[in-house]
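Now for the letters of each chain:
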Amino acid sequence: MDVILDDPFVAAAHVEIRDTPEGRFAIDDLQSLNGMRVLPSSETRTSAEIGPEDIVRIGHTQFRIRPRFYAVAGERRIRQGAAYRGAVMFTIAAAIVVATLVWDAFLTTSHRDEKALTAVSVFTVVAAGAKRKAIWSLVGRTAGRRANFAAHGFVACVGVLALQLWTTSTGYLAFGLNAGWLETLSVVGAALLFGYIVYRHLRLASRAKRRAHATVAACVAIVAFGGGSLLMNLMGAMDPAAQSHSYSLKAPFFLLVRGMSPADYIARSSDLKRAVDDLASRE
Amino acid sequence: MSFPARLFCLGVALLCAPALAQEPGVSSQTHTLFERIRDSVAQVRVLLGTSDTHAATGSGFVVGDGLIITNYHVIAGKALEPDVYRLEFVLPGGGRGPLQIVAIDVVNDLAVVKGDIGPVKALGLRSQPLSKGDRGFSLGYPLGQGLTVVEGIYNGLSEELYYERIHFPGAINSGMSGGPAVDSSGRVFGVNVATHRRGQLVSFLLPASFAEQFLGRARSAKAPPPRNYSSAIGTQLRAHDRALRESLDGPLPTQRLEPLVVPARMGTSMQCAAGTERERERPYVINSYYCYMRSAVYVDPKLQTGTVVFRHRILLSLELGPLRFAHVQEMQFCNSVSSDYTSHRHHTGFVCQDHIVALEGVRAKVAQCLRRYKLFEGLYDMTLKVATLGESSLALHSELQMDGVSYEHAMDLSRRFLEAIRWNR
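Residues numbered from 1 in each chain as written. Chains lettered and ligands numbered in written order. Predicted model: local features only at pLDDT ≥ 70, side-chain atom pairs only at ≥ 80, totals over all residues.

**Regarding the overall build of chain A**
Alright, step 1. When helices and strands are counted, chain A shows seven helices and seven strands.
Alright, step 2. Mapped from its N terminus to its C terminus, chain A presents α and β elements in the order β-β-β-β-β-β-β-α-α-α-α-α-α-α.
Alright, step 3. Taken over 283 residues, chain A has a buried fraction of 18%.
Alright, step 4. Considering only intrachain contacts with a sequence separation of at least 6, the fraction spanning at least 24 residues in chain A is 46%. (Helix = DSSP H or I, 4+ residues; strand = E, 2+ residues; numbered from the N terminus. Buried ≥ 20, exposed ≤ 12 C-beta atoms within 10 Å, placed from the backbone. Contact = placed C-beta atoms within 7 Å.)

**Regarding the overall build of chain B**
Alright, step 1. The secondary structure content of chain B amounts to six helices and 24 strands.
Alright, step 2. The burial tally for chain B puts 43% of its 425 residues in the buried class.
Alright, step 3. A separation of at least 24 residues holds for 61% of the contacts in chain B among residues at least 6 apart in sequence.

**Section: the domain arrangement of chain B**
Residue and element names in this part refer to chain B.
Alright, step 1. Considered domain by domain, chain B is made up of domain 1 (20-227) and domain 2 (243-423).
Alright, step 2. Once you take the C-alpha centre of each, domain 1 and domain 2 turn out to be 38 Å apart.
Alright, step 3. Between domain 1 and domain 2, the residue contacts involve 11 residues of the former and 10 residues of the latter.
Alright, step 4. A breakdown of the residues in the side of domain 1 that touches domain 2 according to their chemical character gives six nonpolar, two polar and three charged. (Domains from an automatic or database assignment. Nonpolar A, V, L, I, M, F, W, Y, C, P; charged D, E, K, R; others polar.)

**Describing the environment of Gly64(B)**
Alright, step 1. Structurally, Gly64(B) can be placed in strand 2 (residues 54-64).
Alright, step 2. A residue is classified by how many C-beta atoms lie within 10 Å of it, and Gly64(B), with 15 of them, is partly exposed.

**Some remarks on the sheet that holds strand 16 (residues 284-293) of chain B**
Residues and elements named next belong to chain B.
Alright, step 1. The antiparallel open sheet is built from seven strands, whose spatial order is 15-16-19-23-22-21-20. Each edge of the sheet is formed by a strand with only one pairing partner; in this case those strands are strand 15 (270-277) and strand 20 (351-359). Neighbour-to-neighbour, the strand axes of the sheet open up by a mean angle of 15 degrees, direction not taken into account.
Alright, step 2. By the bridge criterion, 10 bridges tie strand 19 (residues 307-317) to strand 23 (residues 394-405) in an arrangement that is antiparallel. Each bridged residue has a counterpart across the sheet, and for Arg311 the counterpart in strand 23 is Glu399.
Alright, step 3. Across the face of the sheet, helix 5 (residues 322-334) comes into contact with strand 16, strand 19, strand 22 (380-389) and strand 23 while running at roughly 160 degrees to strand 19.
Alright, step 4. Helix-sheet contacts for helix 6 (residues 407-420) involve strand 20, strand 21 (362-372), strand 22 and strand 23, and the interaxial angle to strand 22 is about 15 degrees. (Pairing = 2+ DSSP bridges. Axes fitted to C-alpha atoms, helices over the stretch in contact; angles between N-to-C directions.)

**Considerations on the sheet that holds strand 3 (residues 36-38) of chain A**
Residue and element names in this part refer to chain A.
Alright, step 1. Strands sit in the order 4-3-6-7 across an open sheet of four strands; the sheet is antiparallel. With one partner strand each, in any of the chains shown, strand 4 (44-45) and strand 7 (61-63) form the two edges of the open sheet.
Alright, step 2. Two strands pair when backbone bridges link them, and strand 6 (residues 56-58) and strand 7 are joined in this way by three bridges, in the antiparallel orientation. From the neighbouring strand, Arg57 faces strand 7, where its bridge partner is Gln62.

**Quick word on the interface of chain A and chain B**
Alright, step 1. In this complex, chain A contributes 44 residues to the contact, which on the side of chain B involves 52 residues.
Alright, step 2. For the side of chain A that touches chain B, the elements supplying multiple residues, two or more each, are helix 1 (87-108), helix 5 (211-238), helix 6 (262-267) and helix 7 (270-282) of chain A.
Alright, step 3. Counting residues per element, the side of chain A that touches chain B draws most heavily on helix 7 of chain A, at eight residues.
Alright, step 4. For the side of chain A that touches chain B, the class distribution of residues is 23 nonpolar, 12 polar and nine charged.

**A short note on the pairing of strand 3 (residues 67-70) of chain B**
All names here are of chain B.
Alright, step 1. Every second residue of strand 3 is oriented toward a common face, with Leu67 and Ile69 on one face and Ile68 and Thr70 on the other, all of them buried.
Alright, step 2. Where strand 2 folds back on strand 3, the antiparallel hairpin that results is connected by two residues, among which Asp65 adopts a positive phi of roughly 60 degrees.
Alright, step 3. Both strand 3 and strand 6 (residues 110-115) contribute to a ladder of four bridges, which runs antiparallel. Across the sheet, residue Ile69 finds its bridge partner in strand 6, namely Val112.

**Let's talk about the confidence of the model for chain A**
Alright, step 1. With 78% of its residues at a pLDDT of 70 or more, chain A has an overall mean of 78.
Alright, step 2. For the stretch residues 141-147 of chain A, pLDDT sits under 50, and the model shows six contacts to residues farther than four places along the chain or on other chains. (pLDDT = per-residue confidence, 0-100.)

**Brief notes about the pairing of strand 2 (residues 25-29) of chain A**
Regular strands have side chains that alternate between both faces of the sheet.
Residue and element names in this part refer to chain A.
Alright, step 1. In terms of strand pairing, strand 1 (residues 15-19) meets strand 2 through five bridges, oriented antiparallel. Pairing of Arg18 across the sheet is with Ala26, part of strand 2.
Alright, step 2. Hairpin geometry of strand 1 and strand 2 is characterised by an intervening segment of five residues between the two adjacent antiparallel strands and by a positive phi of about 85 degrees at Gly23.
Alright, step 3. In this sheet, strand 5 (residues 47-50) lies alongside strand 2 in antiparallel orientation, the contact comprising four bridges. In the sheet register, Ile27 faces strand 5, and the bridge partner there is Ala48.

**With respect to the packing of helix 1 of chain A against helix 3 (residues 149-177) of chain A**
Residues and elements named next belong to chain A.
Alright, step 1. Direction vectors running N to C along helix 1 and helix 3 enclose 35 degrees, while the axes themselves pass 8 Å from each other. Judged by the twist between their axes, the crossing of helix 1 over helix 3 is left-handed. Listed contacts from helix 3 to Ala87, Met89, Phe90, Ala93, Ala94, Ile96, Val97 and Thr100 of helix 1 are Ala150, Gly153, Phe154, Cys157, Val158, Val160, Leu161 and Gln164. (Left-handed = near helix turned anticlockwise from the far one by under 90°.)

**Overview of the environment of Gly227(A)**
All names here are of chain A.
Alright, step 1. Along the chain, the position of Gly227 falls in helix 5.
Alright, step 2. Given 11 C-beta atoms within a 10 Å radius, Gly227 is considered exposed.
Alright, step 3. A C-alpha to C-alpha distance of 9.1 Å links Gly227 and Ala191, two positions 36 residues apart in sequence.

**A look at unusual backbone geometry**
Alright, step 1. Omega for the peptide link from Leu39(A) to Pro40(A) comes to 10 degrees, which places this bond in the cis form.
Alright, step 2. For the peptide bond that leads from Glu258(B) to Pro259(B), omega is 10 degrees, which places it in the cis range.
Alright, step 3. You can see Pro259(B) is positioned in the loop between strand 13 (254-257) and strand 14 (260-263).
Alright, step 4. Here the phi dihedral of Asp65(B) falls at roughly 60 degrees; this positive angle occurs in a residue that is not glycine.
Alright, step 5. Here Asp65(B) shows up in the loop between strand 2 and strand 3.
Alright, step 6. Not every positive phi belongs to a glycine, and Asp109(B) is a case in point at roughly 55 degrees.
Alright, step 7. Turning to its location among the elements, Asp109(B) is positioned in the loop between strand 5 (96-105) and strand 6.

**Quick look at the nonpolar core**
Alright, step 1. Among the nonpolar cores identified, the biggest contains 118 residues, and Ile75(B) and Ala211(B) are the most heavily contacted of them.
Alright, step 2. Taken domain by domain, the makeup of this core includes at least three residues from each of domain 1 (20-227) and domain 2 (243-423) of chain B.
Alright, step 3. Ala211(B) has contacts with Ile69(B), Leu110(B), Leu125(B), Val191(B) and Leu206(B), leaving out every residue within four places of it along the chain.
Alright, step 4. One finds Phe90(A), Ala94(A), Ala151(A) and Cys157(A) within the second-largest nonpolar core, a separate group that totals 10 residues. (Core = buried A, V, L, I, M, F, W, Y, C linked by C-beta atoms within 7 Å.)

**With respect to the confidence of the model for chain B**
Alright, step 1. Mean pLDDT over chain B: 86, with 90% of residues reaching 70 or higher.
Alright, step 2. When the criterion is pLDDT under 50, residues 11-26 of chain B qualifies, and its contacts beyond four places in sequence or with other chains add up to zero contacts.

Here it is in structure tokens:
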């Protein structure tokens, strides 16, 4: 029986396959131009004996040969394309991001003349984001060779919203529970989230075929984000005039917090004294 | 002219002659005084390393046994970095030579230095003060000029400074620090120490009684003077803090800024000022009340310490909603009173804590930061920031800053400060 492969790098008669008495297969190269390889070796071979787990490569085609009785995984449906690759989802996500930008700008402006500046700042952020997504979408292509601007845009918008939701919720929790460690967790979580956004972007681009490439890039992004935050904190700590504490009042969440007495608050200052005495003894 | 008219004019001339004759007599008295004491007024120079380049100059006066009294701030560099600087005196008669520090008093800004000055007449110190309105003469070497004498009027002790200082309206300029202020008989009644930055001819002198007591202690000291004065300065700053704490002891005075009650001016040596920030395009108003204690002690060009400062700001929203007003509060909470003097040499970094505190009638976000002095044991800078929460159109932001104080003093005043804030409902 002949099996014809639609691969221009496979010869008209490339290899011959025979059963062996041991239940394996013998495969011979029929003097092809590009040869035959048994992975993971990259060495061309003229003949080989292969089993059900061996992968043979001829041209750009890889295959395994298994007996009829060999158990294999069930057939999986081909994914038609994730819903988020479409323009509709991107438009919804982008609209939510713009709405949060406008709301944030409204909350943070307190001068009557700043309305025009607010509109300009929102427009500037949106334009910068769109430019980045357009550049990214030129770098990668989907398997169907369709423009994936919408997909990248959706991932970016969801990523921004997720980052905002994460930092806001951990910030409020840290404020309400007086737990400084939650603010550290917020930075760590933001770094991981940022890395995941980079990972999803790279997975969208078909050139990043190996998952390992995307994973490495995500790890680099995490380290850069986290390391950058840590470096800024350290630089601030080195400045003897810098007073680093939370400035946020987290309206209206503070209505739920009872508060401690002045005497209790002052009693906690002994921790400050211990810390600065340590600093002085080290310097 | 008729004979009666001539007689009249002669009579007038005879009456005026003594008055006219007095004017040259006044300036000759000053000249005589100046000639008598000028050789006893030295220029004190702080030189960098072995060069002849001045790092600082001031004045001083001879008090006998080779000793010269000057200001501490003139020789501060030598006191703290003895290997970097050296001292030198220059006398009008041409004498010149090295000086060593014998004793310092940072709180009163005095120093006694010693050198081989030769047979120079010592100036006497007046133990009794002058009377208000008496004339005095301040001598020194201002702004690189030669020995200069400046006339002024004794106006008694200043009512606003923390430590006793004589108010002496006279043109005392930079370089005259440490020079003597003498009466008409040449006795020293004060030591030039400072001028008011924003006032013309508003100068201050250290009373001679302080200099006399200090000189007595310096002469009777048994231990040899140290090479580096960091430890001595630390001891004096801690004593200054104890005096400050005693003066701030007791219930804090308060003032009503309805509906709030807040700490008010703590004693007569605290200066206060008020102001308001209103801008046409800003939909909120800030009324400020600022008080500071004029007790700062000069240590070196990068450090003046030993003070207490506090500020209240009332934020009033005109048309902002509660969430936007809360954002304005956050921005104001970032703007805080901070020390003008910060250096890696003197200070560690700040370590802070912040919590919600239940004050009387209102909750507040309170942030407290502390840092320690590296050279002076047991001294700290502390800032306390308070921002009331929960009101949609009115908020109080208060800050208390204490420099060069003990930890116990800082915590005690912080607790009383917080307890003095009240919101009447």
